[in-house]
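# Reading the structure
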Amino acid sequence: MPRSVNVVAARHRRKKMMKMAKGYFGRRKNVWTVAKNAVEKGLVYAYRDRKAKKRDFRALWIQRINAGAREHGLSYSTLMGGLKKANIDLNRKVLADLAMNHPEAFKAIIDKVK
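Reading guide: rules and limits
Residues numbered from 1 in each chain as written. Predicted model: local features only at pLDDT ≥ 70, side-chain atom pairs only at ≥ 80, totals over all residues. Heavy atoms only, no water. UniProt positions renumbered as here; feature names shortened; annotations may be inferred. Axes fitted to C-alpha atoms, helices over the stretch in contact; angles between N-to-C directions. Helix = DSSP H or I, 4+ residues; strand = E, 2+ residues; numbered from the N terminus. Parallel < 35°, antiparallel > 145°, perpendicular 65-115°, else oblique. Left-handed = near helix turned anticlockwise from the far one by under 90°. Contact = heavy atoms within 4.5 Å. Nonpolar A, V, L, I, M, F, W, Y, C, P; charged D, E, K, R; others polar. Core = buried A, V, L, I, M, F, W, Y, C linked by side-chain atoms within 4.5 Å. Buried < 20%, exposed > 50% of the residue type's maximum accessible area, 1.4 Å probe, protein only. Salt bridge = Lys/Arg side-chain N within 4 Å of Asp/Glu carboxyl O.

An unreviewed UniProt entry lists the chain under the name Large ribosomal subunit protein bL20, with Pontibacter oryzae as the source organism. The record held by UniProt for the chain lists under Function (unreviewed entry) the comment "Binds directly to 23S ribosomal RNA and is necessary for the in vitro assembly process of the 50S ribosomal subunit. It is not involved in the protein synthesizing functions of that subunit."

Here you go:
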C-alpha cells in the first residue's frame, strides 16, 4: 500500500507562512526554510514586544509627568504621593496627556496637591 501524505494541508501551511513573509528582503521572502525561520523569529519578537510596549509607554508617561511637575516645583514622587493623599484617581496616561497638552488643567491638579 502506498504511503499517504496530506499534500493539501502541507501546501496550505507553507503558503500561509510564505504569505506572512511577504515584504521581507532577499531569500527571506521566497525560500521556504529561510522564510519559515524569519517568520517564526518575527512572531517571537511580536509577542515579546507587545509586553515591552506597555513598559515603554509607562516609562514615557512618568518622564512627562515628572517634567510637568518640576515646572511647578514638585518632584514626580511627591506629586504621586500627594495625589494619593488627596484621593485623586488619575492614571499616568491621563496625567501625562494633561501635562503635555493641557498645562492649565495640570497646574490645577498640582495646586490641589500642594
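## A few points about the packing of helix H2 (residues 32-71) against helix H4 (residues 92-101)
Two elements in contact, H2 and H4, have axes whose closest approach is 8 Å; the angle formed by their N-to-C orientations is 45 degrees. In terms of orientation, H2 and H4 fall into the oblique class. Seen along the crossing, H2 lies across H4 with a hand that is left-handed. Every residue of H4 that contacts H2 at Arg-58, Trp-61, Ile-62, Arg-64, Ile-65 and Gly-68 is listed here: Arg-92, Lys-93, Leu-95, Ala-96, Ala-99 and Met-100. Considering only residue class, the contact of H2 with H4 consists of seven nonpolar, one polar and four charged.

## Some words on the nonpolar core
Side chains of a nonpolar character, in soluble globular proteins, are inclined to be buried together. Ranked by size, the top nonpolar core spans 15 residues in total, and within it Ile-65, Leu-74, Leu-79, Leu-83, Leu-95, Phe-106 and Ile-110 carry the most contacts. Elements that contribute at least two residues to this core include exactly H2, helix H3 (76-85), H4 and helix H5 (103-113).

## Remarks on the pattern of salt bridges
Inspection of every chain in the model, using the stated rule, returns three salt bridges. Glu-40 serves as the salt-bridge partner of Lys-36, at 3.8 Å between the closest nitrogen and oxygen. Of this pair, Lys-36 and Glu-40 are both found in helix H2, four residues apart, which corresponds to roughly one turn of the helix. Look at Glu-40 and you get partly exposed, because its relative accessible area is 37%. Of the charged contacts in the structure, one is a salt bridge between Arg-48 and Asp-49, with a shortest N-O distance of 2.9 Å. Of the residues examined, Arg-48 reaches a relative accessible area of 45% and is grouped as partly exposed. By relative accessible area, Asp-49 is classed as partly exposed at 34%.

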